[in-house]
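Architecture and fold: a report
Each chain, written out:
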Amino acid sequence: MRIVLVGPPGAGKGTQAAFLAKNLSIPHISTGDLFRANISRQTELGKLAKSYMDEGNLVPDEVTIAMAKDRMEQPDAVNGFLLDGFPRNVSQAEALDQALKADGVELDGVLDLEVPEDEVVKRIAGRRICRNDSSHVFHVTYSPPKKEGVCDVCDGELYQRDDDTEETVRKRLEVYHTQTEPIIDYYAAQGLVVTISALGKVDEVTKRAMDALKGQAEGREQRDEDKNDSRGDGGE
Ligand code: ADP
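Residues numbered from 1 in each chain as written. Predicted model: local features only at pLDDT ≥ 70, side-chain atom pairs only at ≥ 80, totals over all residues. Heavy atoms only, no water.

1. Here we look at the sheet that holds strand β2 (residues 28-30)
Across the sheet, 5 strands lie side by side as β2-β3-β1-β4-β8; this open sheet has parallel pairing. Edge strands, defined here as strands with exactly one partner in the open sheet, are β2 and β8 (193-197). Here the strands of the sheet are splayed against their neighbours by 20° on average, with no regard to which way each runs. Strand direction decides the pairing type here: strand β1 (residues 2-6) and strand β3 (residues 81-84), joined by 4 bridges, are parallel. Of the residues in β3, the one forming a bridge with Val 4 is Leu 83. (Pairing = 2+ DSSP bridges. Helix = DSSP H or I, 4+ residues; strand = E, 2+ residues; numbered from the N terminus. Axes fitted to C-alpha atoms, helices over the stretch in contact; angles between N-to-C directions.)

2. Some remarks on helix α5 (residues 90-102)
Between its first and last C-alpha, α5 extends 18 Å over 13 residues, near the 18 Å set by a 1.5 Å rise per residue. Of the residues making up α5, those classed as buried are Gln 92, Ala 93, Ala 95, Leu 96 and Leu 100. In an axial view of α5, the angular spread of the buried residues amounts to 160°, which keeps them on one side of the axis. Across from the buried face of α5, at angles greater than 90 degrees, the exposed residues are Gln 98, Lys 101 and Ala 102. Where α5 is buried, its residues meet β1, α4 (61-72), β3 and α8 (182-188). Positive backbone phi, at 70°, marks Gly 104, one or two positions downstream of α5. (Expected span 1.5 Å × (residues − 1). Buried < 20%, exposed > 50% of the residue type's maximum accessible area, 1.4 Å probe, protein only. Arc of directions from axis to C-beta. Contact = heavy atoms within 4.5 Å.)

3. Topic: the packing of α4 against α5
Helix-helix packing is characterised by the crossing angle of the two axes and by the distance between the axes. Relative orientation of the contacting elements α4 and α5 amounts to 35°, with a least axis distance of 11 Å. Like other packed secondary-structure pairs, α4 and α5 cross with a definite hand, here right-handed. On α5, the residues touching Asp 61, Thr 64, Ile 65, Lys 69 and Met 72 of α4 are Ser 91, Gln 92, Ala 95, Leu 96 and Ala 99. Looking at the contact of α4 with α5 residue by residue, the class counts come to 5 nonpolar, 3 polar and 2 charged. (Left-handed = near helix turned anticlockwise from the far one by under 90°. Nonpolar A, V, L, I, M, F, W, Y, C, P; charged D, E, K, R; others polar.)

4. What about the sheet that holds strand β5 (residues 127-130)?
With antiparallel pairing, the 3 strands of this open sheet are ordered in space as β6-β5-β7. Of all strands in the sheet, those with a lone pairing partner are β6 (137-139) and β7 (158-159), marking the two edges. Both β5 and β6 contribute to a ladder of 3 bridges, which runs antiparallel. Paired with Ile 129 across the bridge in β6 is Val 137. Sheet contacts for helix α6 (residues 117-125): β5 and β6; angle to β5, the most-contacted strand, approximately 50°.

5. Points about the site of the ligand
What surrounds the ligand is a group of 19 residues, the closest being Lys 13, Thr 31, Arg 36, Asn 57 and Gly 85. Backbone polar atom of Asn 57 to an oxygen atom of the ligand: 2.6 Å apart, as the coordinates give it. In isolation the ligand exposes 550 Å². Once the protein is present, 97% of that is buried. For the shell around the ligand, the element with the highest residue contribution is helix α2 (residues 31-40), accounting for 4 residues. When grouped by side-chain class, the residues that make up the shell around the ligand number 6 nonpolar, 6 polar and 7 charged. (Near = heavy atom within 4 Å. Polar contact = N/O pair within 3.5 Å; in protein donor to acceptor, adjacent residues only side chain to side chain. Areas by Shrake-Rupley, 256 points an atom, 1.4 Å probe, with all protein chains shown as cover.)

6. Describing the UniProt feature "domain: Adenylate kinase active site lid" (unreviewed entry) in the protein chain
The sites that carry the UniProt feature "domain: Adenylate kinase active site lid" (unreviewed entry) are, in the present numbering, residues 127-163. Secondary structure within residues 127-163 divides into 0% helix and 24% strand; the distance between the first and last C-alpha atoms comes to 11 Å. (UniProt positions renumbered as here; feature names shortened; annotations may be inferred.)

7. Regarding the UniProt feature "binding site: ATP" (unreviewed entry) in the protein chain
Here, UniProt's "binding site: ATP" (unreviewed entry) annotation points to Gly 10, Ala 11, Gly 12, Lys 13, Gly 14, Thr 15, Arg 127, Val 137, Phe 138 and Gly 200. Assignment of secondary structure puts Arg 127 in strand β5. Beyond its immediate chain neighbours, meaning those up to four positions away, Arg 127 contacts Gly 10, Val 137, Phe 138, His 139, Tyr 159, Gln 160, Arg 161, Asp 164 and Arg 172. With respect to the secondary-structure elements, Gly 200 resides in the loop between β8 and α9 (202-231).

8. Remarks on a negative patch on the surface
Together, Glu 218, Glu 221, Glu 225, Asp 226 and Asp 229 line one region of the surface with negative charge. Following the sequence through the fold, Glu 218 ends up in helix α9. (Patch = residues over 30% accessible without salt bridge, like charges linked within 9 Å, V, L, I, M, F, W, Y side chains within 5 Å. Salt bridge = Lys/Arg side-chain N within 4 Å of Asp/Glu carboxyl O. Lys, Arg positive; Asp, Glu negative; His and termini not counted. Charge placed at Lys NZ, Arg CZ, Asp CG, Glu CD.)

Structure representation (structure tokens):
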């Protein structure tokens with residue numbers, strides 16, 4: 001399966017992506033995580049990306065698209081992937097379409113996570129992430145770790161992302177509305193979008209997401225069958 005996850009910062013994309021990727025046995029590809037890995041390794045790409053990320057802006061398409069494509073070409077992604085944070089604007093979506101077309105494959109669905117804006121700001125301001133694994137996410141009030149600053153899962157150090165300040169979150173939301181939301185219409189025109197609410201417990205949202213993706217896949221199969229039937233030549 002090839003899935004794109006869309007939603008504002010703080011919708012819980014990373015958390016959901018980790019569970020969904022596991023359930024669907026496909027790799028979770030997060031451009032945000034790839035950039036953060038480059039930042040901690042202090043690569044040239046990391047240095048460049050950091051200056052944009054800290055302001056809440058998008059990293060330029062040229063480097064982002066090259067990095068995402070490179071990751072999608074790894075052997076574990078041959079049969080599918082869950083993209084989290086990519087594409088983030090229409091030109092990235094077009095570049096992804098071209099890359100998939102060149103490989104003779106297609107997206108199976110675009111999962112759109114909806115969450116009210118005041119909830120986003122609350123979630124992000126208290127968010128703490130494990131240095132070892134970004135899918136180990138905590139919140140100082142909503143889901144505090146047993147021991148302050150320490151990951152319950154792996155004892156890793158919890159930290160607050162540099163771009164998780166209230167000011168940067170507001171900028172990231174603005175960028176989301178102006179640049180990322182248009183890709184929902186872009187994919188809706190291809191009949192790919194399913195929208196679910198990202199409110200509620202993590203496992204409830206995961207269940208909602210799995211059901212929505214299943215319903216979407218069945219709907220597509222039905223449409224493909226109808227298309228074949230309406231060709232009316234009876235086939236071979
Ligand atoms: P969130 O979805 O919570 O905002 P991410 O970890 O997905 O967090 O992204 C963090 C930052 O990384 C973004 O604000 C942006 O600067 C950069 N980034 C991630 N993905 C992309 C992308 N596809 N294009 C450009 N910049 C990106």
